[in-house]
Amino acid sequence: MSAKLAAKALSALALISTLGALASAAPCPDGAQTCAATAAADEATLLQMASKQATKPRFAPAVGLLATRAELREVARRASPQDLRGLSADQAEDLSSCIFITCLNFLDPMREENCARCLHDWLLSPLLNSEIGVNGLALGYATDMLSILLFHKNGTDTYINAWCGTGGLVGCSMKRDFPGPGAISYMEWEDVWNIGKQYPAKQWSGEWWRGAELGMFMLTPVAWAGVGTWPVGLTLGVTPAQHAVLRPVLDDAFGTGKIWQQKRATQALITSMITKFFESRLAEGQLKIPGDLKALQFQLLNKVALNRDVSWADALAFVSLQTTATIMGVIGDFLPEPFYIFLGDIKKQYAQEVKALEPFVEKKYGTQLASQSCAPSETSCLTLASTSIMDGLTFAGGISVPTDMATAVGLLYSTSPTNPYPAREIPPNKELEFFWENIRYFAPVIGFPSWSTRPTCPGLSPNETQSLNKPGGKQEACKEGPKNLATGFAKVNQWQGGTRQVPNLALAQRDPNKWGPTSNEFVVRNLIEYKKSVGFAEMAEDNTVAGGKMNRICPGKTLALMIGETFLKLFKKGEWDAVSPEGIVFGIGPTWISEFVLKSVTTPRFSRLLSGNACSYACVYA
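Residues numbered from 1 in each chain as written. Predicted model: local features only at pLDDT ≥ 70, side-chain atom pairs only at ≥ 80, totals over all residues. Heavy atoms only, no water.

(A) Layout of helix α18 (residues 431–441). For α18, the tally of buried residues reaches 11 of 11 residues, placing the bulk of the element in the interior. Turning to α18, its buried residues are Glu431, Leu432, Glu433, Phe434, Phe435, Trp436, Glu437, Asn438, Ile439, Arg440 and Tyr441. (Buried < 20%, exposed > 50% of the residue type's maximum accessible area, 1.4 Å probe, protein only. Helix = DSSP H or I, 4+ residues; strand = E, 2+ residues; numbered from the N terminus.)

(B) Looking closely at the pairing of strand β11 (residues 596–600). Here β11 shows a clear split, with Phe596, Leu598 and Ser600 buried on one side and none of Val597 and Lys599 buried on the other. When strand β7 (residues 286–289) meets β11, the two strands line up antiparallel, connected through 4 bridges. Note on β11: the bridge partner recorded for Lys288 is Val597. (Pairing = 2+ DSSP bridges.)

(C) Region of interest: the nonpolar core. Judged by nonpolar contacts, the single largest core of 142 residues is most densely connected at Trp163, Ile389, Phe567 and Leu598. When residues no more than four places from it in sequence are discounted, the contact partners of Phe567 are Ile274, Phe277, Phe278, Leu293, Leu296, Met405 and Val409. (Core = buried A, V, L, I, M, F, W, Y, C linked by side-chain atoms within 4.5 Å. Contact = heavy atoms within 4.5 Å.)

(D) Up close: the state of the cysteines. Applying the stated criterion to the full structure yields 3 disulfides. With its sulfur 2.0 Å from that of its partner, Cys164 forms a disulfide with Cys172. On the sign convention where negative means left-handed, the S-S torsion of about -80 degrees between Cys164 and Cys172 marks this disulfide as left-handed. You can call Cys164 buried: its relative accessible area is 11%. By relative accessible area, which is 10% here, Cys172 ends up buried. (Disulfide = S-S within 2.5 Å.)

(E) Representation of the sheet that holds strand β3 (residues 174–176) in the model. Taken in spatial order, the 4 strands make up an open sheet running β3-β4-β9-β8, and their pairing is mixed. Two strands close off the open sheet at either side, each with one partner strand: β3 and β8 (450–453). Sheet twist, expressed as the mean angle between neighbouring strand axes with direction ignored, is 20 degrees. Taken together, the 3 bridges between strand β4 (residues 184–186) and strand β9 (residues 499–503) define a ladder with parallel strand orientation. (Axes fitted to C-alpha atoms, helices over the stretch in contact; angles between N-to-C directions.)

(F) Structural view of the environment of Gly332. Tracing the backbone shows Gly332 in the loop between α14 (312–331) and α15 (344–370). Taking the C-alpha atoms as reference, Gly332 lies 7.5 Å from Leu219; in sequence the two are 113 residues apart. Beyond its immediate stretch of four places on either side in the chain, Gly332 contacts Thr220, Tyr340 and Leu343.

(G) The arrangement of a nonpolar patch on the surface in detail. On the surface, Leu146, Leu149 and Leu150 cluster together to form a nonpolar patch covering roughly 280 Å² of accessible area. Residue classification places Leu150 among the exposed positions, given a relative accessible area of 56%. (Patch = residues over 30% accessible without salt bridge, like charges linked within 9 Å, V, L, I, M, F, W, Y side chains within 5 Å. Areas by Shrake-Rupley, 256 points an atom, 1.4 Å probe, with all protein chains shown as cover. Salt bridge = Lys/Arg side-chain N within 4 Å of Asp/Glu carboxyl O.)

(H) Up close: the packing of helix α13 (residues 291–306) against helix α22 (residues 557–570). At their nearest, the axes of α13 and α22 sit 12 Å apart, and the two run at 130 degrees to each other. With respect to α22, the axis of α13 lies oblique. Seen along the crossing, α13 lies across α22 with a hand that is right-handed. Where α13 approaches α22, its residues Leu293, Leu296, Gln297, Leu300, Leu301 and Val304 are matched on the opposing element by Leu559, Ile563 and Phe567. For the contact of α13 with α22, the per-class residue count stands at 8 nonpolar, 1 polar and no charged. (Parallel < 35°, antiparallel > 145°, perpendicular 65-115°, else oblique. Left-handed = near helix turned anticlockwise from the far one by under 90°. Nonpolar A, V, L, I, M, F, W, Y, C, P; charged D, E, K, R; others polar.)

(I) A look at the side chain of Glu437. Checked against the element boundaries, Glu437 lands in helix α18. A polar side-chain atom of Glu437 sits 2.7 Å from a polar atom in the side chain of Arg440. (Polar contact = N/O pair within 3.5 Å; in protein donor to acceptor, adjacent residues only side chain to side chain.)

(J) How the structure looks around the environment of Asn114. Structurally, Asn114 is set in helix α6 (residues 111–128). Each C-alpha atom, one on Asn114 and one on Cys98, is 8.9 Å from the other, the two residues being 16 residues apart in sequence. Excluding residues that lie within four positions of it along the chain, Asn114 makes contacts with Thr102 and Asp108.

(K) Region of the structure containing the packing of α15 against helix α16 (residues 381–394). At a minimum axis separation of 7 Å, α15 and α16 run at an interaxial angle of 120 degrees. One way to sum up the angle between α15 and α16 is to call them oblique. α15 and α16 meet at a crossing whose hand is right-handed. Judged by residue contacts, Tyr350, Glu353, Val354, Leu357, Glu358, Val361, Glu362 and Leu369 of α15 engage Cys381, Leu382, Thr383, Ala385, Ser386, Thr387, Ile389, Met390, Asp391, Leu393 and Thr394 from α16. Residue composition of the contact of α15 with α16, grouped by class: 11 nonpolar, 4 polar and 4 charged.

(L) Here's a closer look at the pattern of salt bridges. According to the stated counting rule, one finds 17 salt bridges in the structure shown. For Lys573, the salt bridge goes to Glu425, with nearest N and O atoms at 3.1 Å. Of this pair, Lys573 sits in the loop between α22 and β10 (576–578) while Glu425 sits in the loop between α17 (397–413) and α18, placing them 148 residues apart in sequence. When the shortest N-O distance is used, the salt bridge between Lys532 and Glu529 registers 2.8 Å. For Lys532, a relative accessible area of 18% translates into the label buried. Counted as one network, the salt bridges with shared partners bring together Glu437, Arg440 and Arg525.

(M) Spotlight on the confidence of the model for the chain. Across the chain, the average pLDDT comes to 84, with 81% of residues at or above 70. Low pLDDT, under 50, characterises residues 1–47; the predicted model gives this stretch 69 contacts beyond four residues in sequence or across chains. Contacts from residues 605–622, a stretch scored under 50 in pLDDT, to residues over four places away or in other chains number 42 contacts. (pLDDT = per-residue confidence, 0-100.)

Laid out in structure tokens, this is it:
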């Protein structure tokens, strides 16, 4: 921010006679009681988080100031309109926060920068809350996400820079209004775990809302517009009742089996398919990363989940759709209505892929789904389940596992100074630990968001929207309105009127309080250390809620680890050379690594004996 703009913000403060008058924030327009009730939850959360900082010297002054802020809120309830000097209650509160918490925290080495940013955001607050695109996104969300890419570039530490500043991870606990106005990000492992473990119960009770979001990213629903499900969009945002129908299907489809014979069979299948993959790539003479790994993962997941065989050509065609749907899903959310004419092919292709899955889903789960209700979706539970599996193939395990396989291979070849692992060798018999460290260090899922106040439904008031949050798994979706001819789906609101909380999985996976002094280094650790992982949302599991049908832990965790370990066991570094090892660059997630190509040194057709690998994972974890 320029010095001129900072001066302008400070000049605005001078218009108020004293800091005491500044503290006298206004009552809410509709009455002090409503104002106090609205603020209570945020204040309680803020003070609870602050109390944990008391032993951290850098943040000690802020602790007392936070308590002062709570007192200011009480003063604000009793303030008269004459005290406002033209400021609304929220404006006065936010300005108080800038001064007392940020600008006066002289022990913060980034005080001036953070103060300038806070005052800058305060000045632009009305603009940052304005809508962008057709789905109710806040402009501030868009600018924050773009700022990560444009202004916080610092290799694999980019997310640390964006959320914590140059001060690093120590003491980095919570960040308000990021990404986006009204959002609250939590970075410490303990907070991420404690918030995440409440997801099953809170959503089942109707207290929290889960949107159709891909980690930290909002996605436009255009890819799902041709399928006909409701709520439209990524099926992570279905209602609790719908989720209770889908969860048992997903647990089974992306699991490795419940008994050791099934686990062994799954391991043998994966070993066979990856062996054939390497033989075919050696025969081809090259291995393209990450593209070929995504195609392999598509083949693996189809076979394991649905016993469906996918040709290599079809797998590569899918990767093209996957890439387009992901990129345009994120960017498309920012686009105005006329641009949706260019997204029609995504809608058509995604619907075709879902349709192609349906016979396989019906064969395996048809009887189970036939007696279920998936209202308010007008499509059958079969279609909704097929869409959910397609989402897993496209946006969940279909991306995350190849991402960490790509970083794992890149670590073995990259001579770039961005490589955080100069050893470039997997320790003997530590393939599983090596893959785990890739998951920890290169988090494929950045955030795990939910809404303590859901965005306001189109056509409803905030109170009417909140009345849909019924307990006992009966939380209702917004009503589907008429379809927009340009977008192909009914109006949705992804942000306006909501309060978003974002546990930051990527930073929790590097929290020094949990992972020790080497938390921000790539270090292959003992296997037991990875029990602390939150990368698969391990904390979001509560089998006492709806019999486990509201669990949010990744249903494919065990399968993902099996695939990753087997891939690394069968990968032979000596059979491949990197075309440009210095060009294998590590950077910002969620991709983490540049594309690169390995050329085969030899082309053996049958040189891969399974030796003891076929039982490596299943026998240990059966």
